[in-house]
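Secondary and tertiary structure notes
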Amino acid sequence: MVSFTRAAAKAGITGTLQTTWCGYNSSEANIASNADQFAAMVLSAEESWNGGQIALANLGYNPWVQFQRLYGKQFATKQR
């Protein structure tokens, strides 16, 4: 994700699109059983905004914790 975003920024592309193939919809049950893949969208959004320039260790927040804050703790039971 980071390498793709950096390459896109270098090519002058102004944004990226993140998708997930966790089942066929974004139902609560599907989000709960695939929380890591949905939480990765927080990181993808960050990377798209900053062109992949901020190292994961230097974000200043944990994307999985942020996902919990945004969507509810029941959806992100694994801490990263």
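The structure contained in this document is the topic of the report that follows. Treat the numbers as computed from the prediction; the structure is a model and nothing was measured.

**A few points about the overall build of the protein chain**
Looking only at helices and strands, the protein chain has 4 helices and 0 strands in total. In the protein chain, the succession of helices and strands from N to C terminus is α-α-α-α. Going through the 80 residues of the protein chain one by one, you find that 32% of them count as buried. Within the protein chain, contacts between residues separated by at least 24 positions form 45% of all contacts whose residues are at least 6 apart in sequence. Put simply, the protein chain shows about 5500 Å² of open surface, and 57% of that area lies on carbon and sulfur atoms.

**A few points about helix 3 (residues 35-50)**
Along its 16 residues, helix 3 runs 24 Å from first to last C-alpha, staying within 8% of the 22 Å computed at 1.5 Å per residue. Among all positions in helix 3, only Ala 35, Asp 36, Phe 38, Ala 39, Ala 40, Val 42, Leu 43, Ser 44, Glu 46, Glu 47 and Asn 50 are buried. Those residues of helix 3 hidden inside the fold are in contact with helix 1 (2-10), helix 2 (28-33) and helix 4 (63-71). Positive phi shows up at Gly 51, right after helix 3, with a value of about 70°.

Conventions used here
Residues numbered from 1 in each chain as written. Predicted model: local features only at pLDDT ≥ 70, side-chain atom pairs only at ≥ 80, totals over all residues. Heavy atoms only, no water. Helix = DSSP H or I, 4+ residues; strand = E, 2+ residues; numbered from the N terminus. Buried < 20%, exposed > 50% of the residue type's maximum accessible area, 1.4 Å probe, protein only. Contact = heavy atoms within 4.5 Å. Areas by Shrake-Rupley, 256 points an atom, 1.4 Å probe, with all protein chains shown as cover. Expected span 1.5 Å × (residues − 1).

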